[in-house]
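# Chain and residue survey
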Amino acid sequence: MDADTTTVDARAVDTLAVHAGREDLAGLGLHAPPIDLSTTYPSYDSRGEAARIDAFAATGEAPEGPPVYGRLGNPTVARFETALAQLEGTESAVAFASGMAALSAVLLAQHATGRRHVVAVRPLYGCSDHLLTAGLLGTEVTWADPEGVADALRPDTALVMVESPANPTLAEVDLAALAEACGTVPLLVDNTFATPVLQRPVESGARLVLHSATKYLGGHGDVLGGVVACDEAFARRLRQIRFATGGVLHPLAGYLLLRGLATLPVRVRAASTTAAGLAARLAEDPRVLRVHYPKVGGAMVAFETLADPHEVIARVRLITPAVSLGSVDTLIQHPASISHRIVPEDDRTSSGVSDRLLRMSVGLEDAEDLWRDLDQALGESLATPVPRPRVQALDADLEAQLTDA
Ligand SMILES: *Cc1c(COP(=O)(O)O)cnc(C)c1O
């Protein structure tokens, strides 16, 4: 059974989601992918192992056969990498312990070439912003508007980084125009929010596609992971960094992520339909000042309300008040307090992350049930927002008195 890759690549995203990374299973007499928890791999041929280690050290090419040691690679994780690469339309993908480990590996790989300068477009996920701004890996960052990226490039620019739709404002960037502006500098697109179901950044000219796999790829709020989809040349450098710095994805996480991919298209489409409906209702609601919903679609909605956002968070009952996103259940959080707290206040506000902004990750619940919860959480319409202490929101009678007043 030889897999014809050209046929595989031509398959639709729904088909790839359930078959990619599993092509050999039927031939092995298996249906579910096996989980390989080995940390080490026995071999009676040390000369052969020496040659395999030399080859990996020199090239970063994944060794043929067993991986020698768990930090070099893992067969279960490799299935997830193969599947994600096919979904994103790239040659390869390299998985890491988290989204931040994946971004760190990209920065380390570029900094090792002597280039420490990164041009980035705000907003980014709070910790990505922090990693670049704080210079924890020796990065020097220039923040630019998408139109200003070309002018911000320098001979030592390692990378241009953007999120589209961005966390948490859902701002979108014209990726093809941006890729053009980058010239030969690699463009990294964090595609966590759109997923390959809605957008494949390499088709617009991005060289690197990053995911916090913790979000939609896993999809059930029970696994941390990160992955970079890219060409094989860059993947080899990332594998060398991963081997030497150790930010590997655990095989059980690899299994769960592969399993998550199978339902990615149906989850993303179903949640997006509900999210678009809720965004439309919020946009018409007098208690809501502004709604952000991206053109590409997706299951994220951001909005600013007349009511104190802390009060809205305190009042949700069906929706879970929690950071993170991309799970089967709906989550809501206040970026200025949580996901983007680590970004300096001025930088937060100037990139559109206002203190009023709430970010909601819509799940798979019934749309009417979600709306009823949002409706009661938004409270009564008030001409002027009244700052109320959190405890009062828990007292329904007091709440009613206040809002009637
Ligand atoms: C959560 C997130 C990250 C970081 O991923 P972790 O898996 O939490 O390390 C990076 N980018 C975006 C857009 C995110 O939402």
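Residues numbered from 1 in each chain as written. Predicted model: local features only at pLDDT ≥ 70, side-chain atom pairs only at ≥ 80, totals over all residues. Heavy atoms only, no water.

If you look the chain up in an unreviewed UniProt entry, it shows as homocysteine desulfhydrase from Streptomyces hundungensis. Per UniProt, the chain has the following entry under Cofactor (unreviewed entry): "pyridoxal 5'-phosphate". Per UniProt, the chain carries the Sequence similarities (unreviewed entry) text "Belongs to the trans-sulfuration enzymes family." (UniProt positions renumbered as here; feature names shortened; annotations may be inferred.)

### Things to note about the environment of Phe 56
Along the chain, the position of Phe 56 falls in helix α3 (residues 46-59). Taking the C-alpha atoms as reference points, Phe 56 and Arg 236, separated by 180 residues in sequence, lie 8.7 Å from one another. Among residues more than four places away in sequence, those in contact with Phe 56 are Glu 61, Pro 63, Leu 72, Arg 239, Gln 240 and Phe 243. (Helix = DSSP H or I, 4+ residues; strand = E, 2+ residues; numbered from the N terminus. Contact = heavy atoms within 4.5 Å.)

### Thoughts on the sheet that holds strand β7 (residues 226-230)
Taking strand neighbours across the sheet as the criterion, the 7 strands line up as β1-β7-β6-β5-β4-β2-β3 in an open arrangement whose pairing is mixed. Single-partner strands in this sheet number two, and they are β1 (92-96) and β3 (140-143). Put simply, the sheet's adjacent strands are angled 25 degrees from each other on average, direction ignored. In this structure, strand β4 (residues 157-163) lies alongside strand β5 (residues 187-190), joined through 4 bridges in parallel fashion. In the strand pairing of β5, Glu 163 is matched with Asp 190. Along the sheet face, helix α6 (residues 126-133) touches β2 (117-120), β3 and β4 and points at about 120 degrees away from the line of β3. (Pairing = 2+ DSSP bridges. Axes fitted to C-alpha atoms, helices over the stretch in contact; angles between N-to-C directions.)

### Concerning the domain arrangement of the chain
By the assigned domains, the chain splits into domain 1 (7-38 + 74-262) and domain 2 (265-404). Spacing between the C-alpha centres of domain 1 and domain 2 amounts to 28 Å. With both sides pooled, the region where domain 1 packs onto domain 2 buries about 2600 Å², and carbon together with sulfur makes up 65% of that total. Per-residue buried area on domain 1 facing domain 2 is highest for Pro 168, Leu 170 and Tyr 216; these three make up 24% of the total on that side. Note that Arg 122 and Asp 347 form a salt bridge whose closest N and O atoms lie 3.4 Å from each other. (Domains from an automatic or database assignment. Buried area = accessible area lost by both parts, 1.4 Å probe. Salt bridge = Lys/Arg side-chain N within 4 Å of Asp/Glu carboxyl O.)

### Quick word on the nonpolar core
If you look at the biggest cluster of nonpolar residues, it comprises 36 residues, and the most contacted ones within it are Phe 80 and Leu 217. Element by element, the count of residues in this core is highest for helix α4 (residues 75-88), at 6 residues. Lining this core are residues from two domains, each supplying at least three of them: domain 1 (7-38 + 74-262) and domain 2 (265-404). Leaving out residues up to four positions away in the same chain, Phe 80 has contacts with Ala 95, Ala 213, Leu 217, Val 227, Leu 249, Gly 254, Leu 257, Leu 258 and Leu 261. (Core = buried A, V, L, I, M, F, W, Y, C linked by side-chain atoms within 4.5 Å. Buried < 20%, exposed > 50% of the residue type's maximum accessible area, 1.4 Å probe, protein only.)

### So, the sheet that holds strand β10 (residues 320-321)
Sheet architecture is open: 5 strands sit in the order β8-β9-β12-β11-β10, paired in mixed fashion. What marks the edges here is a single partner per strand, and that holds for β8 (288-292) and β10. One ladder, built from 5 bridges, connects strand β9 (residues 300-305) with strand β12 (residues 357-361); its direction is antiparallel. Bridged to Val 301 within β12 is Met 360.

### Some words on helix α8 (residues 175-182)
Three or more residues of α8 are buried, namely Leu 175, Leu 178, Ala 179 and Cys 182. Taken around the axis of α8, the buried residues stretch over an arc of 100 degrees, which confines them to a single face. The elements touched by buried residues of α8 are α7 (149-152), β4 and β5. Where α8 begins, the side chain of Asp 174 points an oxygen toward the backbone nitrogen of Ala 176, at a separation of 3.2 Å. (Arc of directions from axis to C-beta. Polar contact = N/O pair within 3.5 Å; in protein donor to acceptor, adjacent residues only side chain to side chain.)

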